[in-house]
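A closer look at the structure
So you can see what is in the structure, the chains are spelled out below.
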Amino acid sequence: NAGVTQTPKFRVLKTGQSMTLLCAQDMNHEYMYWYRQDPGMGLRLIHYSVGEGTTAKGEVPDGYNVSRLKKQNFLLGLESAAPSQTSVYFCASSYVRNTEAFFGQGTRLTVV
Amino acid sequence: QQQVKQSPQSLIVQKGGISIINCAYENTAFDYFPWYQQFPGKGPALLIAIRPDVSEKKEGRFTISFNKSAKQFSLHIMDSQPGDSATYFCAASTAQGGSEKLVFGKGTKLTVNP
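From a predicted model like this one, the values you see are computed outputs, not experimental measurements. (Residues numbered from 1 in each chain as written. Chains lettered and ligands numbered in written order. Predicted model: local features only at pLDDT ≥ 70, side-chain atom pairs only at ≥ 80, totals over all residues. Heavy atoms only, no water.)

**Focus on the overall build of chain B**
Keep this limit in mind: Helix and strand assignments follow DSSP, with helices taken as H or I runs no shorter than four residues and strands as E runs no shorter than two, numbered in order from the N terminus. Within these notes, the globule rule equals 2.2 Å times the number of residues to the 0.38 power, and the radius of gyration is based on C-alpha atoms. Here's how the labels work: a residue is buried when its accessible area is under 20% of the maximum for its type, exposed when over 50%, partly exposed in between, all with a 1.4 Å probe on protein chains only. The criterion used for residue contact is that any of the two residues' heavy atoms lie within 4.5 Å. Only the protein chains shown count as cover for residues, and the accessible areas themselves come from Shrake-Rupley with a 1.4 Å probe. Neither His nor the chain ends contribute to the count of charged residues, in which Lys and Arg are positive and Asp and Glu negative. Note that the charge is assigned to NZ on lysines, CZ on arginines, CG on aspartates and CD on glutamates.
A tally of regular secondary structure across chain B gives 0 helices and 11 strands. Listed N to C, the secondary structure of chain B is β-β-β-β-β-β-β-β-β-β-β in terms of helices and strands. Relative to its length of 114 residues, chain B is compact, with a C-alpha radius of gyration of 14 Å against a globular reference of 13 Å. Overall, chain B is about 45 × 30 × 20 Å in size when its C-alpha atoms are taken along their principal axes. Considering chain B as a whole, with its 114 residues, one finds that 46% of them fall into the buried category. Expressed as a percentage of contacts within chain B between residues at least 6 apart in sequence, the contacts between residues at least 24 apart total 54%. Surface summary for chain B: the accessible area is close to 5,500 Å², and the carbon and sulfur share equals 49%. Positive and negative side-chain charges in chain B, numbering 12 and 8 respectively, have mean positions lying 7 Å apart.

Put into structure tokens, the structure is as follows:
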């Protein structure tokens, strides 16, 4: 059972480049989340989705876009990467709100 | 704005001791309070969670104490073991104003010495 799978696991980008992070879950969860984790800052919510075709902004949405075209996938896009976006990105999913959120293994992104 | 304030930032405990991590919040719309455990190189995983209608929840060596009036909750790890060494995050969930969020504290790095 795969759970939550993030692709890629590592990536180095140059400033101004774009990329898409893919999150896939096989648990038929309605809710999906994207977080970034920085030293001393904990996990900060970027965007989230409460169902297929829906997205909403979290605490730190600037510079990111998301899409949830299929229930099992949640994509995070960086249109023009900046060094401040260097971070570890985690995707998570849950059946509904207030239930266990399952996290992926993370994507370590470095913007130079 | 940090919606959930967690302390301490780091904690060192001897094997067999009690580890205590505290969290405080302001938003009374929070209605679900989970704790997550994260090992290096891994994603966080749910450890234990509590809802505000109970004051304490225990699962094995892990206990959440919840004080609704003080808007505080804490994690107690009894008989701490070296394998408990990890980063612990408290979190809180709300659907206030139609905005459904699960927000996290900044984390506590726990080291349990043998």
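Here the narrative resumes.
**Some details on the packing of aromatic side chains**
All names here are of chain B. Rules: Centres within 6.5 Å make a pair out of two Phe, Tyr or Trp rings, where for Trp the six-membered ring is used; the pair is then stacked when the planes are under 30 degrees apart, edge-to-face when over 60, and tilted otherwise.
Within this structure, the stated rule accounts for 19 aromatic pairs over all chains. Ring plane angle 15° and centroid distance 6.3 Å describe the contact between Tyr25 and Phe66, whose orientation is recorded as stacked. Here Phe66 lies in strand E7 (residues 62-67) and Tyr25 lies in strand E3 (residues 19-25), a separation of 41 residues in the sequence. Centroid distance Phe89 to Phe104: 6.4 Å. Interplanar angle 85°. Geometry classified as edge-to-face.

**Let's talk about the state of the cysteines**
Put simply, the rule is: In plain terms, two cysteine sulfur atoms within 2.5 Å form what is called a disulfide here.
Taken as a whole and assessed by the stated rule, the structure comprises 2 disulfides over all chains. Each disulfide pairs two cysteine sulfurs, and for Cys23 of chain A the partner residue is Cys91 of chain A, the sulfurs being separated by 1.9 Å. Of note, the bridge from Cys23 of chain A to Cys91 of chain A carries an S-S torsion of about -75° and is left-handed in sense. Residue Cys23 of chain A is located in strand E3 (residues 19-25), and its partner Cys91 of chain A is located in strand E9 (residues 87-94); the two are separated by 68 residues in the primary sequence. The class of Cys23 of chain A is buried, set by a relative accessible area of 0%. Across the disulfide, Cys23 of chain B is cross-linked to Cys90 of chain B (sulfur-sulfur distance 1.9 Å). What sets the handedness of the Cys23 of chain B and Cys90 of chain B disulfide is the S-S torsion sign, and at about -95° it is left-handed. Residue Cys23 of chain B is located in strand E3, and its partner Cys90 of chain B is located in strand E9 (residues 86-94); the two are separated by 67 residues in the primary sequence. Each member of the pair, Cys23 of chain B as well as Cys90 of chain B, is classed as buried.

Function-wise, these values are silent; they only describe arrangement.
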